[in-house]
Amino acid sequence: MKKLTPQQCIILTGFTGILHGEFEWFHEDLEKRLGREVQTSELGYPEFMQECRSLYEEDFNNLMPD
């Protein structure tokens, strides 16, 4: 079994809302994708997490080879 790469961990965290890997990896990537700072308290809002999910959906769908 292979370990997940940091990028795979970030994508899985963003799409599922379940932390994979280091929180700092995800937080930094999320801020880049949103183009703004993200307060950790925002992650507790379902609406915000749905917005995050949509940011990672395409990358999540591309994780599995055809």
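The rules behind the values
Residues numbered from 1 in each chain as written. Predicted model: local features only at pLDDT ≥ 70, side-chain atom pairs only at ≥ 80, totals over all residues. Heavy atoms only, no water. Salt bridge = Lys/Arg side-chain N within 4 Å of Asp/Glu carboxyl O. Helix = DSSP H or I, 4+ residues; strand = E, 2+ residues; numbered from the N terminus. Buried < 20%, exposed > 50% of the residue type's maximum accessible area, 1.4 Å probe, protein only. Expected span 1.5 Å × (residues − 1). Contact = heavy atoms within 4.5 Å.

A.B. asks: For this particular structure, what's the right way to read the pattern of salt bridges?
C.D. replies: Opposite charge on two side chains lets them pair, provided their charged atoms get close. The tally for this structure, following the rule as stated, stands at four salt bridges. The shortest N-O distance in the salt bridge between glutamate 28 and lysine 32 comes to 3.5 Å. Of this pair, glutamate 28 and lysine 32 both sit in helix 2 (residues 23-34), four residues apart, roughly one helical turn. A salt bridge links arginine 33 to aspartate 59; the shortest N-O distance between them is 2.8 Å. Residue arginine 33 is found in helix 2, and its partner aspartate 59 is found in helix 3 (residues 46-61); the two are separated by 26 residues along the sequence. Classification of arginine 33 as partly exposed rests on a relative accessible area of 27%. Salt bridges sharing partners connect three or more residues here, namely Asp29, Arg33 and Asp59.

A.B. asks: Whenever I open this one, helix 3 confuses me. Can you help?
C.D. replies: Because an α-helix packs 3.6 residues into every turn, residues spaced three or four apart end up facing the same way. End to end, helix 3 covers 21 Å across 16 residues, agreeing with the expected 22 Å (1.5 Å per residue, within 8%). Residues of helix 3 that are buried include every one of Phe48, Met49, Cys52 and Tyr56, and no others. In this structure, the buried residues of helix 3 make contact with helix 1 (6-16) and helix 2.

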